[in-house]
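Working through the structure, step by step
Residue-level listing of the chains:
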Amino acid sequence: MRMSLTARAALSLTLGLATAGLGMTVPANAAPAPEATGTIAGYTGKSAEAQATRAFFEAVLDSVAEKRAANPKSAAAVTVVYDASRAPSFASQIARSTQIWNSSVTNVRLQAGSNADFTYREGNDPRGSYASTDGHGRGYIFLDYRQNQIYNSTRVTSHETGHVLGLPDNYPGPCSELMSGGGPGTSCTNPNPNAAERARVDRLWINGLNAAMDKALEKAAR
């Protein structure tokens, strides 16, 4: 999503640790990994994760409010546009992830298109896959080749997309919880958010509407 956010949002949320040295085959035309800004949360979680998660959640809420403020009278779902052209190897996983999220929540809708709010990228990175935003209207999801050969690729993609929609990691969670990421192990193939995750995304995006209305009322009172 387009993150026109404050500097407090400069962070990255990841699905995984390095998967180097596991004997996986990497495409010969693998693109070099882009640089990620901000804090990288490890695959099994770190002490800094809670703070990063809170900043990310607040940043997404600010962005939702900004989108809503553009049309405060509309209660329709916010459309978030993505560009997957830089991750052609994962076209089917991205399409499936989009379908999963669009059928799971009602207050936000993902749509492929130009002038994208966020992009998907692919390549090699020892940190694995992650979602990144610099807090200045730019964001992307990076999909790591090796990790996507070890873990279920659609789950990886759906998990990272969940970050873009505002969900934090919860590595100790069960396989039925999408944002538990790789915590349940490589045998977990579930790509779907559970009821609590679906509800949280919907609450976040409807709260964005409420925040936008508050902003509109503040402007009108001046």
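Placed above this text is the structure.
Before going into details, it helps to say that this report is about the structure given with it.

What counts and what doesn't
- Residues numbered from 1 in each chain as written.
- Predicted model: local features only at pLDDT ≥ 70, side-chain atom pairs only at ≥ 80, totals over all residues.
- Heavy atoms only, no water.
- Disulfide = S-S within 2.5 Å.
- Helix = DSSP H or I, 4+ residues; strand = E, 2+ residues; numbered from the N terminus.
- Buried < 20%, exposed > 50% of the residue type's maximum accessible area, 1.4 Å probe, protein only.
- Lys, Arg positive; Asp, Glu negative; His and termini not counted.
- Salt bridge = Lys/Arg side-chain N within 4 Å of Asp/Glu carboxyl O.
- Contact = heavy atoms within 4.5 Å.
- Polar contact = N/O pair within 3.5 Å; in protein donor to acceptor, adjacent residues only side chain to side chain.
- Phe/Tyr/Trp six-rings, centres within 6.5 Å; stacked < 30°, edge-to-face > 60°.
- Pairing = 2+ DSSP bridges.
- Core = buried A, V, L, I, M, F, W, Y, C linked by side-chain atoms within 4.5 Å.
- Axes fitted to C-alpha atoms, helices over the stretch in contact; angles between N-to-C directions.
- Parallel < 35°, antiparallel > 145°, perpendicular 65-115°, else oblique.
- Left-handed = near helix turned anticlockwise from the far one by under 90°.
- Nonpolar A, V, L, I, M, F, W, Y, C, P; charged D, E, K, R; others polar.

Scanning the model with the defined rule gives 1 disulfide in all. Each sulfur of the disulfide joining Cys 175 and Cys 188 lies 2.1 Å from the other. Its S-S torsion of approximately 90° makes the covalent link between Cys 175 and Cys 188 right-handed. Here Cys 188 lies in the loop between helix H4 (153-164) and helix H5 (195-221) and Cys 175 lies in the loop between H4 and H5, a separation of 13 residues in the sequence. For Cys 175, a relative accessible area of 27% corresponds to the partly exposed category.

On to the side chain of Asp 202. Within the secondary structure, Asp 202 is located in helix H5. No salt bridge is formed by the buried Asp 202; its nearest oppositely charged neighbour, Arg 198, is found at 7.2 Å. Sequence-distant contacts of Asp 202, defined by excluding residues within four places in its chain, comprise Ser 104, Val 105, Thr 106 and Asn 107.

Moving on, we get to the environment of Arg 155. Structurally, the position occupied by Arg 155 is in helix H4. The class for Arg 155 is buried, based on a relative accessible area of 4%. Separated by 34 residues in the primary sequence, Arg 155 and Thr 189 have C-alpha atoms spaced 6.2 Å apart. Polar contacts involving the side chain of Arg 155 include one to the main-chain carbonyl oxygen of Cys 175, which spans 3.3 Å.

Further remarks concern the packing of aromatic side chains. Geometry of an aromatic ring pair is reported as the spacing of the ring centres plus the angle between the planes. In the structure shown here, the tally under the stated rule is 6 aromatic pairs. Aromatic pair Tyr 82 and Tyr 120: ring centres 5.6 Å apart, planes at 90°, arrangement edge-to-face. In this pair, Tyr 82 sits in strand E2 (residues 78-86) while Tyr 120 sits in strand E4 (residues 118-123), placing the two residues 38 residues apart along the sequence. For Tyr 82, a relative accessible area of 8% translates into the label buried.

On to the pairing of E4. Taken residue by residue, a regular strand's side chains alternate between the two faces of the sheet. Within E4, 6 of the 6 residues are buried, leaving the element largely enclosed by the surrounding structure. On E4, burial covers both faces: Phe 118, Tyr 120 and Glu 122 on one face and Thr 119, Arg 121 and Gly 123 on the other are all buried. As judged from the 3 bridges shared by E2 and E4, these two strands associate in the parallel manner. Bridge assignment links Asp 83 to a residue of E4, and that residue is Thr 119.

Below, the discussion takes up the nonpolar core. Within the largest apolar cluster, 27 residues are counted, with the highest numbers of intra-cluster contacts made by Trp 101, Phe 118, Tyr 120, Val 201 and Trp 205. Breaking this core down by element, the ones donating at least two residues are E2, helix H2 (91-104), strand E3 (108-112), E4, strand E6 (139-144), helix H3 (145-150), H4 and H5.

Where H2 contacts H4, the two axes come as close as 9 Å, and the packing angle between them is 55°. Relative to H4, the element H2 lies oblique. Considering the relative orientation of H2 and H4, their crossing is right-handed. Along the contact surface, H2 presents Gln 93, Ile 94, Arg 96, Ser 97, Ile 100 and Trp 101, while H4 presents Ser 153, Thr 154, Thr 157, Ser 158, Thr 161 and Gly 162. Of the residues contributing to the contact of H2 with H4, the split by class is 3 nonpolar, 8 polar and 1 charged.

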